[in-house]
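# Summary of the model geometry
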Amino acid sequence: MGAVTYPNEKVVKFVDYNFVPVQIEVSNTALMNQFKVTWTPTIIVLDADGNEVYRVVGFLPPEEFIPTFMVAKGKWYFNADQHPEAQGMFDEALRDYPDSAAAPEAVFFLGVSRYKMSHDPKPLRESFDTLTAKFPGSEWTKRAAPYRLIPA
Amino acid sequence: MALNICWLGDLAKAKASAGQTKKPVLLDFFNPK
């Protein structure tokens with residue numbers, strides 16, 4: 001990550017704007033054990049209380065790093081019941097990186113965020129329909145399968 | 001350019017910054033070798 005992704009100008013700006021970054025060397029066994037990290041790179045998104053929001057293990061190139069952590073930031077908002085802001089992050093990830101590996105998860109949580117705001121189940125069905133059409137092999141399409149029962 | 005790492009190895013300070021700036025912490029475990 002240090003050689004390819006972190007020097008990328010878009011990544012630098014994205015991280016600076018959205019996160020408080022902290023790096024921990026593998027020699028810090030106390031934190032490695034606390035977070036049960038057994039391989040690097042491992043990147044964990046935490047809220048200010050230290051609660052884990054999102055975890056990625058392994059290398060991500062810049063064009064995957066940014067949408068992946070857009071989804072992570074969206075889930076940070078989601079967990080804090082800030083659903084309009086969460087929807088904004090998921091929308092942004094899908095608008096700017098529609099074909100990224102993070103896109104199916106963004107579609108899934110976009111539907112859930114919209115449901116949380118409206119209590120109308122139709123967004124869940126729309127997420128299922130989008131996932132089925134665009135990402136039929138995704139695990140998120142399988143997770144959304146129950147929403148097929150919601151009337152369109 | 002390079003990432004502006006706010007807190008190298010100091011999670012407590014990063015969490016305090018996160019609370020003040022209303023941003024999440026990006027905790028990157030890495031092997032410098």
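Residues numbered from 1 in each chain as written. Chains lettered and ligands numbered in written order. Predicted model: local features only at pLDDT ≥ 70, side-chain atom pairs only at ≥ 80, totals over all residues.

## With respect to the overall build of chain B
Short version of the rule: Numbering goes from the N terminus for both helices and strands, where a helix is a DSSP run of H or I of at least four residues and a strand is a run of E of at least two. Exposure is read from a count of other C-beta atoms within 10 Å of each residue's own; the residue is exposed at 12 or fewer, buried at 20 or more and partly exposed in between. C-beta atoms are placed from the backbone.
In terms of regular secondary structure, chain B is built from one helix and two strands. Sorting the 33 residues of chain B into buried and exposed places 36% on the buried side.

## With respect to the pairing of strand β2 (residues 42-46) of chain A
Regular strands show a simple pattern: their side chains alternate between the two faces of the sheet. Rules: Pairing between strands is defined by DSSP: at least two bridges between them are needed.
Burial analysis of β2(A) places five of its five residues in the buried class, the great majority of the element. Neither face of β2(A) is open: one carries T42(A), I44(A) and L46(A), the other I43(A) and V45(A), and all of them are buried. Bridge count between β2(A) and strand β3 (residues 52-57) of chain A: five bridges; the pairing is antiparallel. Bridging from a neighbouring strand, L46(A) pairs with E52(A) of β3(A). Adjacent in sequence and paired antiparallel, β2(A) and β3(A) are bridged by five residues, among which G50(A) carries a positive phi angle near 90°. Of the pairings in the sheet, the one linking β2(A) to strand β2 (residues 25-30) of chain B comprises five bridges and is antiparallel in character.

## Considering the confidence of the model for chain B
Residue and element names in this part refer to chain B. Filter applied, for reference: pLDDT: the predictor's confidence for each residue, scored from 0 to 100.
The predicted model of chain B averages 83 in pLDDT, with 76% of residues at 70 or higher. Per-residue pLDDT, averaged within each element of chain B, yields its smallest value for strand β1 (residues 7-8) (64) and its largest for β2 (94). As scored by the predictor, the complex reaches a pTM of 0.93 and an ipTM of 0.90.

## Observations concerning the interface of chain B and chain A
As a reminder of what qualifies: In this description, any two residues whose backbone-derived C-beta atoms lie within 7 Å of each other are considered to be in contact. Classification convention: Asp, Glu, Lys, Arg as charged; Ala, Val, Leu, Ile, Met, Phe, Trp, Tyr, Cys, Pro as nonpolar; all other residues, Gly among them, as polar.
In this complex, chain B contributes 27 residues to the contact, which on the side of chain A involves 34 residues. Listing elements by their share of the side of chain B that touches chain A, those giving two or more residues are β1, α1 (11-21) and β2 of chain B. Split into classes, the residues belonging to the side of chain B that touches chain A amount to 17 nonpolar, six polar and four charged. Bridge count for strand β1 (residues 20-25) of chain A against β2(B) is six bridges, and the pairing is parallel. From the neighbouring strand, V22(A) faces β2(B), where its bridge partner is L27(B).

## Description of the packing of helix α4 (residues 83-96) of chain A against helix α5 (residues 103-118) of chain A
Residue and element names in this part refer to chain A. Short version of the rule: Axis definition: a line fit to C-alpha positions, over the contact stretch in the case of helices; interaxial angles, taken between N-to-C directions, run 0 to 180 degrees. These descriptions rest on fixed angle ranges, namely under 35 degrees for roughly parallel, over 145 for roughly antiparallel, 65 to 115 for roughly perpendicular, and the rest for oblique. Here is the rule for handedness: rotate from the far helix to the near one, and if that takes an anticlockwise turn smaller than a right angle the crossing is left-handed, while a clockwise turn gives right-handed.
Contact geometry of α4 with α5 gives a least axis separation of 9 Å together with a crossing angle of 150°. Classed by the angle they form, the pair α4 and α5 counts as roughly antiparallel. In this structure, the crossing between α4 and α5 has a hand that is left-handed. Here H83, P84, A86, Q87, F90, D91, A93 and L94 of α4 come into contact with α5, specifically with A103, A106, V107, F109, L110, S113, R114, K116 and M117. Of the residues contributing to the contact of α4 with α5, the split by class is 11 nonpolar, three polar and three charged.

## Structural notes on unusual backbone geometry
All names here are of chain A. With an omega of 0°, the peptide bond running from T40 to P41 counts as cis. Phi at K36 is positive, roughly 55°, even though this residue is not glycine. For K36, the position within the fold is in the loop between α2 (29-34) and β2. Notably, H119 is not glycine yet its phi reads approximately 60°, a positive angle.

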